[in-house]
Amino acid sequence: MEPRGTKRRTEKLEVAEPRNKLAYSTSSLPTEPALYSGPFPFYRRPSELGCFSLDAQRQYHGDARALRYYSPPPTNGPGPEFDLRDGYPDRYLPRDEEVREGLDHLLRWLLEHRGQLEGGPGWLAGAIVTWRGHLTKLLTTPYERQEGWQLAASRFQGTLYLSEVETPAARAQRLARPPLLRELMYMGYKFEQYMCADKPGGSPDPSGEVNTNVAFCSVLRSRLGNHPLLFSGEVDCTDPQAPSTQPPTCYVELKTSKEMYSPGQWRSFYRHKLLKWWAQSFLPGVPKVVAGFRNPEGFVCSLKTFPTMEMFEHVRNDRDGWNPSVCMNFCAAFLSFAQSTVVQDDSRLVHLFSWEPGSPVTVSVHRDAPYAFLPMWYVEAMTQDLPSVPKTPSPTE
Ligand code: GDP
Ligand code: MG
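Residues numbered from 1 in each chain as written. Chains lettered and ligands numbered in written order. Predicted model: local features only at pLDDT ≥ 70, side-chain atom pairs only at ≥ 80, totals over all residues. Heavy atoms only, no water.

K.L.:
Any details on the pairing of strand S6 (residues 128–131)? Residues and values, ideally.
P.N.:
Burial of S6 is two-sided: the residues Ile128 and Thr130 facing one way and the residues Val129 and Trp131 facing the other way are all buried. Bridging between S6 and strand S8 (residues 159–165) involves 2 bridges; their strand directions are parallel. Looking across to S8, one finds that Ile128 is bridged to Leu160. The sheet contact formed by S6 and strand S12 (residues 227–234) spans 4 bridges and is parallel. (Buried < 20%, exposed > 50% of the residue type's maximum accessible area, 1.4 Å probe, protein only. Helix = DSSP H or I, 4+ residues; strand = E, 2+ residues; numbered from the N terminus. Pairing = 2+ DSSP bridges.)

The following block contains the structure:
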């Protein structure tokens, strides 16, 4: 395979893994920021390969029908007074979070477009396929102090697939989610409804239902260091007035946050929330995040645009801030670690990468249920038309 990791990483790995040449090595990957503070690694400008939509019943469509259009209130007018609690809970149709979709929708897109992929023959075989959200978690890992993660990895026809597994702690938290947190989640989606129209140049309609089954997903190609990437991420809306109408540069991410009243509150916002916003939007090349700040009564009365490429400036001179190089170098190191750990090409074999704050990333090996995540329909369809040995016609044919 390809050369993996920097010199610094190689040295550190040898400390963690003294000459272990077993089939299943017991090595681990450290996550301390100081280990990843080199120069910013190569990151290819993300390009959109395609898109798909999920409808109100969570059904897949290979088109942009769920894409919405950025439609902020007029800047000269009275300013917004968005009641984010309006419609809760009676006009809320939340997605069933018990349904584990894994990579399924992305795999369907890939199956239907594998013949038209750019990058030349064999590009997919050398790529990593995953959700944008999983990469976001990797980017923020060196700074994360609260929530761990588990990523299942399988190699199939060369490609490395990464799919998140809900940790037992995350599942427990989700099932015990406090009512106020449920309402806060609704409020984030409600903000999108106040800011988006169904047609370019149209007006938002906040009278309807908020159905979180509906999603528009962009499928992107990029490369981090020597790791070709194919990933998909949900996009909130496109700006018909954007300087370039070319995706992903016309896309806008919408967020809500608590109104802030003191410099200390802003500092904390820059250190924690802006890191997550940056990681999520930088990966797919979404150029701006529009934030609605809600007051204690749940009304958004002010909006602020954060250009993705300017977010780091808010913490550049902060000793307790975050550094994009650390995020990207760690992600690259993890992808190298995963590429060199998952050697066997076997869709039913899973290397489970587990991480908890304060510890290194560890690995365990599993076969089939419950961790295997590449569906049979995908594996079979991909296996049937391998462009390898042409089928010899049998005498009866
Ligand atoms: P994000 O960056 O975390 O929002 O996730 P992605 O944009 O990578 O989304 C990948 C897929 O997962 C899309 O189909 C989303 O609709 C879905 N998704 C995103 N967040 C959640 C979540 O919290 N729970 C569930 N069940 N699905 C989610
Ligand atoms: Mg959003």
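K.L.:
Account for the UniProt feature "domain: RAI1-like" (unreviewed entry) in the chain, with residues named and values stated.
P.N.:
Per the UniProt record, the feature "domain: RAI1-like" (unreviewed entry) sits at residues 44–379. Within residues 44–379, the helical portion is 26% and the strand portion 29%, while the C-alpha atoms at the span's ends are 29 Å from each other. (UniProt positions renumbered as here; feature names shortened; annotations may be inferred.)

K.L.:
Run through empty space enclosed by the protein, naming residues and quoting values.
P.N.:
Tallying each qualifying case throughout the model produces 1 cavity of 30 Å³ or more. Size it by volume and the largest cavity reaches roughly 50 Å³. If you trace the largest cavity, you find it lined by Arg132, Glu234, Val235, Asp236, Tyr251, Val252, Glu253, Gln280, Ser281, Pro284 and Val286. At the level of elements, strand S14 (251–258) and helix H6 (263–282) are the ones that each hand at least two residues to the lining of the largest cavity. With 3 residues, S14 is the single largest residue contributor to the lining of the largest cavity. Looking at the lining of the largest cavity residue by residue, the class counts come to 5 nonpolar, 2 polar and 4 charged. (1 Å grid on protein atoms, 1.4 Å probe; cavity = no way out; pocket = protein on both sides within 12 Å on 5 of 7 lines; lining within 4 Å. Points joined across faces, edges and corners; volume = space filled by probe spheres on them. Nonpolar A, V, L, I, M, F, W, Y, C, P; charged D, E, K, R; others polar.)

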